[in-house]
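# Coordinates in review
One-letter residues, chain by chain:
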Amino acid sequence: MKSFQEPRQSKILQYRLVLALQLCCCLVLTVWQVLPQTETSPAVVISIALLILSMAMVLRMRHKLMQQLAAADADAASRMALFLADPLTGAMTRRCFMDELKAATRQSSQTEPCSLVLLDVDHFKSLNDSFGHNVGDFALTHLVDTARQHLPGAVIGRLGGDEFAVLLKGCDEVRSLTLMNEFLVALKAPAFAAGRQLTLGASLGIVTAPKHTSFFEEMILLADLALYESKRRGRGCATMFDPDMLRVKRHRRTIERDLRAAIMLDELELHYQPISDSAQTILGVEALARWKHPVRGVIPPSEFIPVAEESELIDMLGEWVLRRACEDFAELPGRFVSVNISAAQLRRNDLLDVVKRVLRDTGVQPGELVLEITENVSLLSTPEVLGRIQSLRTLGIAIALDDFGTGHCTFNYLRTLPVDIVKIDRSYISRMADDPVSRIFVAAVLEIARALRLSVVAEGIETDEDFQMSRAAGCARFQGYRFGHPVPKSALAASLMPVCAARRDESRQMLPPVCEADRLQMA
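This structure is a prediction, so every number in the text was calculated from the model and none was measured. (Residues numbered from 1 in each chain as written. Predicted model: local features only at pLDDT ≥ 70, side-chain atom pairs only at ≥ 80, totals over all residues. Heavy atoms only, no water.)

Moving on to helix α18 (residues 464–473). Three or more residues of α18 are buried, namely Asp-466, Phe-467 and Ser-470. What you see down the axis of α18 is that its buried residues fit within an arc of 95°, all on one side. Where α18 is buried, its residues touch α16 (426–429), β15 (455–458) and β16 (477–478). Looking at the residues trailing α18, positive phi occurs at Gly-474, about 120°. (Buried < 20%, exposed > 50% of the residue type's maximum accessible area, 1.4 Å probe, protein only. Helix = DSSP H or I, 4+ residues; strand = E, 2+ residues; numbered from the N terminus. Arc of directions from axis to C-beta. Contact = heavy atoms within 4.5 Å.)

Take the environment of Leu-259 next. Tracing the chain through its elements places Leu-259 in helix α8 (residues 244–264). Separated by 48 residues in the primary sequence, Leu-259 and Val-307 have C-alpha atoms spaced 9.0 Å apart. When neighbours within four sequence positions are excluded, Leu-259 is seen to be in contact with Leu-268, Trp-291, Phe-304, Ala-308 and Leu-313.

To continue, consider the environment of Ile-341. Relative to the helices and strands, Ile-341 is located in the loop between β11 (337–340) and α11 (343–346). In this structure Ile-341 comes out as buried when scored by relative accessible area, which is 7%. With 26 residues separating them along the chain, Ile-341 and Asp-315 place their C-alpha atoms 9.7 Å apart. Among all residues touching Ile-341, those that are not within four sequence positions of it are Leu-346, Leu-351, Leu-371, Glu-372 and Ile-373.

Tallying each qualifying case throughout the model produces six aromatic pairs. Geometrically, the ring pair formed by Trp-291 and Phe-304 is edge-to-face, given 5.7 Å between the ring centres and 85° between the ring planes. One end of the pair, Trp-291, is in strand β9 (residues 282–293); the other, Phe-304, is in helix α9 (residues 301–309), with 13 residues separating them in the sequence. Judged by its relative accessible area of 2%, Trp-291 is buried. Classification of Phe-304 as buried rests on a relative accessible area of 0%. Aromatic ring contacts, followed pair by pair, group Phe-404, Tyr-428 and Phe-441 into a single cluster. Above the face of the Tyr-428 ring, Arg-431 is positioned so that its terminal group lies 5.7 Å from the ring centre. Above the face of the Phe-483 ring, Arg-482 is positioned so that its terminal group lies 5.3 Å from the ring centre. (Phe/Tyr/Trp six-rings, centres within 6.5 Å; stacked < 30°, edge-to-face > 60°. Lys NZ or Arg CZ within 6 Å of the ring centre and 35° of its normal.)

Right under this line is the structure:
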């Protein structure tokens, strides 16, 4: 292509020189034909030779020009291919897909319906961070190949990163939902990349035109709402848009705005629930955030914490809860306070600095703090996240794995995750009396914890039967309504005032947060 980009004047000069040479040769030959000659002069021979040479030069220049034009066409075709298709997956680029969607929505308002599907690969960042970009690229390519195989005639586009879109022409709600559920089943089939077996999943949001809307810009917004609902439901599923989702979105925006103000104005409060041993002595408390809205009344954590986790508010909320719990610690019973920390906070580089600063400002010792993480962290257990957890433990802070048994965490994670305490989910504790599987599960957790020298807390102890069953199984720590509801600091301190001072003095002689009952159990 370099010769094709030579200055235009140089090429014109070449052609002019060749043309002048040919004219001179033709003039010499004409003169030789007109004038009587007895023999051929050297000038005529030279002219004929030069004429032949110039013709060869013209043919060569023509051939070179044709090559340059062919190369230019190939380059233009490759550039057009990059414009039309993603080079990694072969799916349409965002711009081309949007053009297709625009044309389809215009046609759907007149003839047949069409459906738009937005989908994200579940936990793609963790996949990339854990196994490398080659495996991540394989996952994207495998998704597109699976879609082409099980969705014939569909238009597939890559919108960016792990975000894809599928246009199903001629498909109404029922048909599109059926097709995408079949696609999800096919996608979950085991695949192998770089010697590893992968089980991929995706979250899907579906919207149909013209039923839900006839405008392609609005289709994208509505499908995105449905996609969010799929993620909220636990991922790995397809969700059809529902008009109520718009109301939910407006409500979430209101919650986010009011929560930001509540954190800044210090309008939240903490309630504390005791964690006891088998003698029903309070070992420590768990801090739980509560929000009493001045207009809407009490807003449950299940409503405002997910909103915070989807925005930067989780950092503000997490630091507020940690600081308030540490400030209250001197007035609380037991020898440690337990604070929940989200997976989003563990992804922040400054988490360790925040914890150190709060401990320094409040005077709480690292051994008097327990940070609780959920099973979802196991899916985000990148080297960076594991490094932060280990740094917290090195500082002297105990790490508890909360709600064990409800998510994707397996027994193997108890060995690999750097934790000190395992909290068995209430769903197993409450069914121990009637469900043999729950009893086997609890016994297995206790046996593994004993081998790994981990403490175990039985959550959700609500009745005497729950307490007796879990204690008989080998649990040494208990938490639930049987020992106390979450209450404000003042109410908790008032009910336990006679014993708080004695327990506090005694606790200074003991090693937090692993109690002696746990040590006897391990032995």
